[in-house]
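Per-entry structural report
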Amino acid sequence: MALKALEARMRSLEYFHSLRLLPRTWTIIRVDGRNFTNFTSSRFEKPFDLRFRDFMVVTAQTMLGELCGVYAHTTSDEISVLFSPKWDLFDRELEKLVSVSAGIASAAFTHACGEPVHFDSRIWLGIGENDVVDYFHWRQSDAARCALHSWCYWTLRRSGSSSEEATASLKGRSWNLKNELLFQHGINFNDLPVWQRRGVGLYWETYEKEGYDPIKRMTVSAVRRRIRVDYELPMKDAYKEFLRGILSTLM
């Protein structure tokens, strides 16, 4: 009896283990690379590197598939994965979802890259479709803001400015002034690759796969699902309509 009482008392102190996501809510898990500023500094080209992008895409694909997500968006060192209100993986246990998602992201990127990295994870909950659309509009807008700033910063660095000088020069500069800075160095921000400015989207698509039925001795086709990687996402209102189209398939 004493051992059972001890066990009950110890388990009662696992307070967060009992927390569940609110029922019938849209859920987004967002993972971010831990200390990736230092990790990427000497390993990848600045401000953007195709290898790093591909590692993040592989990580997003793994999360989308392993966790049964609906849509994923990745930009820089972050990934947001959307889940439907009916999603009940791990009985919607908050503690497990946070730890497992961070673990999957860390393992997938490490496997792809060949060097150990770590991700942290957080949960976002939305009541309706509009909340979901607004969330991804926000993350895409932030992707554009960060891309513009990064291009300006590294353009100044390549022009001879120190880290401190480049940071000070960009402080308080508006979107238009940053665009003008790039233009003065022969760079049109709007001509840069779309994935750098808007991020990469991942979602499910169906396709027909041909096979052979040995019993009927004939060629047959079956409908399968696969993850599509979209490097040219639309923006603003067009992006919102694109997202609503994905959500409509779940209704």
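So, how was this worked out
Residues numbered from 1 in each chain as written. Predicted model: local features only at pLDDT ≥ 70, side-chain atom pairs only at ≥ 80, totals over all residues. Heavy atoms only, no water. Pairing = 2+ DSSP bridges. Helix = DSSP H or I, 4+ residues; strand = E, 2+ residues; numbered from the N terminus. Axes fitted to C-alpha atoms, helices over the stretch in contact; angles between N-to-C directions. Contact = heavy atoms within 4.5 Å. Buried < 20%, exposed > 50% of the residue type's maximum accessible area, 1.4 Å probe, protein only. 1 Å grid on protein atoms, 1.4 Å probe; cavity = no way out; pocket = protein on both sides within 12 Å on 5 of 7 lines; lining within 4 Å. Points joined across faces, edges and corners; volume = space filled by probe spheres on them. Nonpolar A, V, L, I, M, F, W, Y, C, P; charged D, E, K, R; others polar. Salt bridge = Lys/Arg side-chain N within 4 Å of Asp/Glu carboxyl O. Polar contact = N/O pair within 3.5 Å; in protein donor to acceptor, adjacent residues only side chain to side chain. Core = buried A, V, L, I, M, F, W, Y, C linked by side-chain atoms within 4.5 Å.

Let's talk about the sheet that holds strand β4 (residues 119–126)
Spatially, the six strands line up as an open sheet ordered β4-β1-β3-β2-β5-β6, and their pairing is antiparallel. Of all the strands in the sheet, just β4 and β6 (218–230) have a single pairing partner and so form its edges. Strand after strand, the sheet turns through a mean of 25° between neighbouring axes, direction not considered. The strands that helix α3 (residues 50–66) touches are β1 (26–33), β2 (71–75), β3 (78–83), β4, β5 (200–213) and β6; relative to β5, the one it contacts most, it runs at about 65°. Relative to β4, helix α4 (residues 94–113) is tilted by about 135°, and along the sheet it contacts β1 and β4.

Side note on the environment of G201
Its location among the elements puts G201 in strand β5. G201 gets classed as buried once you look at its relative accessible area, which sits at 0%. Non-local contacts of G201, meaning those with residues more than four positions away in its chain, are made with Y71, A72, R228, V229, D230 and L233.

Topic: the layout of surface pockets
Taken as a whole, the largest pocket holds about 860 Å³ of empty space. Lining the largest pocket we find 34 residues, and of these K46, P47, S76, D77 and S150 sit closest to its centre. Of all the secondary structure elements, the ones that give two or more residues to the lining of the largest pocket are α2 (36–41), α3, β2, α5 (129–158) and α8 (194–198). No other element matches the 10 residues that α5 contributes to the lining of the largest pocket. For the lining of the largest pocket, the class distribution of residues is 13 nonpolar, 11 polar and 10 charged. Put simply, the second largest pocket is a space of about 230 Å³. Taken together, 13 residues line the second largest pocket, and the ones lying closest to its centre are A144, W175, R197, M235 and K236. The set of elements that each furnish at least two residues to the lining of the second largest pocket consists of α5, α7 (175–184) and α8. Sort the elements by how many residues they give to the lining of the second largest pocket and α5 lands first, with five residues. Class assignment of the residues belonging to the lining of the second largest pocket gives a composition of four nonpolar, five polar and four charged.

A few points about the pattern of salt bridges
Taken as a whole and judged by the stated rule, the model has 13 salt bridges. In this structure, the salt-bridge partner of R139 is E78, at a minimum N-O distance of 2.8 Å. Of this pair, R139 sits in helix α5 while E78 sits in strand β3, placing them 61 residues apart in sequence. Two residues, D142 and R139, come together in a salt bridge whose shortest N-O distance is 3.1 Å. Of this pair, D142 and R139 both sit in helix α5, three residues apart, which is roughly one turn of the helix. For the pair D142 and R139, one class covers both residues: buried.

With respect to the environment of S106
Counting through the fold element by element, S106 comes out in helix α4. Classification of S106 by relative accessible area gives buried; the value is 12%. Sequence-wise, S106 and V220 are 114 residues apart; in three dimensions their C-alpha atoms are separated by 40 Å. Aside from chain neighbours lying at most four places away, what touches S106 is V117, H118 and F119. Looking at S106, its side chain comes within polar contact range of the main-chain oxygen of A102, at 2.8 Å.

As for the nonpolar core
Within the largest apolar cluster, 43 residues are counted, with the highest numbers of intra-cluster contacts made by I29, M63, F109, F119 and L182. When residues in this core are grouped by element, the largest group, seven residues, is from α3. With near-sequence residues (within four places) excluded, M63 lies in contact with I29, V31, C68, I79, V81, S101, I104 and A105. Y71, V132, Y135 and Y203 belong to the second-largest nonpolar core, a separate cluster that totals 16 residues.

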